[in-house]
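Coordinate analysis (summary)
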Amino acid sequence: MKEPFFTIDERIETLCRQAEEQCAGIFRQIDDTADYNARKVLAAFIRNRVSEPMFAGTTGYGYGDIGREALDAVLADIFGCEDALIRHNFVSGTHALTTALFGVLRPGDTIVSLTGRPYDTLEEVVGLRGEGHGSLKEWGVTFKMQELAPDGHIDFDAIPAAVQGARVAYIQRSRGYTLRPSVTVAEIARVVELVKKASPDTIVMVDNCYGEFVERQEPTEVGAELIIGSLIKNPGGGIARTGGYIAGRADLVELCAHRLTAPGVGKEVGCTLGESRNMFIGLFLAPTVVAAAVKTAVLTSAVCQNLGYAVTPRWDEKRTDIIQAITLGDEASLVAFCQGVQKGAPVDAYVTPEPWDMPGYESQVIMAAGAFTMGASIELSADAPIREPYAAWMQGALTYPSGKVGLKLALQSMLEQGALKL
Ligand SMILES: *Cc1c(COP(=O)(O)O)cnc(C)c1O
């Protein structure tokens, strides 16, 4: 039957249909994981007696806000850890990560990243770039990097020596905007074991952005002591309007709370202004929304791999985050792809993204994003720096049908602009 809503070449329809059949087994696994995680979340809501009065917001100091307290307890329960701090007051993932770093580290301490260079926005936080803004470096904290092994995985053999004397061992779970593999929860478990054996007091901290609910376990369930993430990514379920979280060992979460608010004030203050309801709903939906995003990524990987493009991860590779990188090989293809993704967005679909000089980036960048929440990358989005190897990083989709349309329109756009031969 001819597609009645969008103009999509019949050959693209066929390619997607075939890839979908090819991915059926993987999709079943994704559904199984979503089923498990949705039950995990539901059980935590029930155990912590989530109730309607918790959705009413507080103002001012927000003393005794029962919604805020319950959300912390629910998140800690889901992540199998002692305590959590889930707040709309975190302006971004970077802010939550920064709060955790400054919460736990003191002048004279050392932190070692076991995943090499951290995510772009963290570079200035730790002091790899920029000056005069109060980085960890300026506060007398040493940031060390353990490079990844040649295969892009963590260099496990180097861990015992690397973590000696370090207060924090830091792992970035997701590949971010690189082509290295993401770090699975099983690998994090191995890191924890090695770190604890070599240096029992070293805290294992994980940048968990993009990873939540992709697997059945979170890093805290295998011994990581602090995990941090953004609510406009996976755990916000596309509903949370802003925010982030820090979860893990109670004493460390407490330190972070004193940093988020003020020393001595900690967790007891912070009005919710009515945001808690969105955070509860988003968290409740997150496992199935994440499944939609992962399916969109797997289908994209399969179709693009079948068309001959280099993709990472491959369609049948184990996943631990929602990111899909596609190496399109040249600027015209990259631009056409991102413009096509934009055409399938529920918001701002009529806008045509163009490469631009984004502050802080060396090359031009093109971004496709038509989201209900500004910058939310649990919603379908694609970003690409205009440089070798001309790769696009795609992530998100609140629903699988809309993610699939985004992929088809990306290919259609490439076809129409002569960047794809079928
Ligand atoms: C998104 C992300 C962050 C934080 O980025 P914000 O844009 O500040 O939310 C940090 N690390 C990784 C790996 C991320 O994906």
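Scoring rules and cut-offs
Residues numbered from 1 in each chain as written. Predicted model: local features only at pLDDT ≥ 70, side-chain atom pairs only at ≥ 80, totals over all residues. Heavy atoms only, no water. Phe/Tyr/Trp six-rings, centres within 6.5 Å; stacked < 30°, edge-to-face > 60°. Helix = DSSP H or I, 4+ residues; strand = E, 2+ residues; numbered from the N terminus. Buried < 20%, exposed > 50% of the residue type's maximum accessible area, 1.4 Å probe, protein only. 1 Å grid on protein atoms, 1.4 Å probe; cavity = no way out; pocket = protein on both sides within 12 Å on 5 of 7 lines; lining within 4 Å. Points joined across faces, edges and corners; volume = space filled by probe spheres on them. Nonpolar A, V, L, I, M, F, W, Y, C, P; charged D, E, K, R; others polar. Domains from an automatic or database assignment. Near = heavy atom within 4 Å. Polar contact = N/O pair within 3.5 Å; in protein donor to acceptor, adjacent residues only side chain to side chain. Areas by Shrake-Rupley, 256 points an atom, 1.4 Å probe, with all protein chains shown as cover. Salt bridge = Lys/Arg side-chain N within 4 Å of Asp/Glu carboxyl O.

Looking at an unreviewed UniProt entry, one finds the chain named Methionine gamma-lyase family protein and attributed to Hydrogenoanaerobacterium saccharovorans.

1. Quick look at the packing of aromatic side chains
All chains considered together, the criterion is met by 9 aromatic pairs. When the ring of Phe27 is compared with that of Tyr400, the centres are 5.4 Å apart and the planes differ by 85 degrees; the resulting orientation is edge-to-face. Residue Phe27 is found in helix 2 (residues 24-47), and its partner Tyr400 is found in helix 11 (residues 400-416); the two are separated by 373 residues along the sequence. The burial state of Phe27 is the same as that of Tyr400; both residues are buried.

2. Some remarks on the layout of surface pockets
Estimates place the volume of the second largest pocket at around 330 Å³. Considering the residues around the second largest pocket, the lining is formed by 20 residues, among which Gln29, Ile30, Thr33, Val214 and Arg319 are closest to the centre. Of all the secondary-structure elements, those providing two or more residues to the lining of the second largest pocket are helix 2 and helix 9 (276-306). Counting residues per element, the lining of the second largest pocket draws most heavily on helix 2, at 6 residues. Of the residues assigned to the lining of the second largest pocket, the class counts are 11 nonpolar, 2 polar and 7 charged. When residues of the lining of the second largest pocket are assigned to domains, at least three fall in each of domain 1 (10-38 + 284-416) and domain 2 (56-274).

3. Quick look at the site of the ligand
The local shell around the ligand consists of Ser92, Gly93, Thr94, Leu97, Tyr119, Gln172, Asp207, Cys209, Tyr210 and Lys233. Thr94 is positioned with one of its side-chain polar atoms (N or O) 2.5 Å from an oxygen atom of the ligand. If the ligand stood free it would expose 380 Å²; the protein chains cover 88% of that surface. For the shell around the ligand, the element with the highest residue contribution is helix 4 (residues 93-104), accounting for 3 residues.

4. Here we look at the pattern of salt bridges
Proximity of charged atoms lets side chains of opposite charge pair with each other. Under the criterion given, the structure shown has 22 salt bridges. Of the charged contacts in the structure, one is a salt bridge between Glu221 and Lys40, with a shortest N-O distance of 2.9 Å. Note that Glu221 is positioned in the loop between strand 5 (203-207) and strand 6 (226-230) and Lys40 in helix 2, a separation of 181 residues in sequence. A residue is classified by how much of its surface remains accessible, and Lys40, at 15% relative accessible area, is buried. Between Arg129 and Glu123 there is a salt bridge, and its shortest N-O distance comes to 2.8 Å. Judged by its relative accessible area of 34%, Arg129 falls in the partly exposed class. It is possible to trace a salt-bridge network through shared partners that takes in Asp72, Asp83, Arg87 and Lys267.

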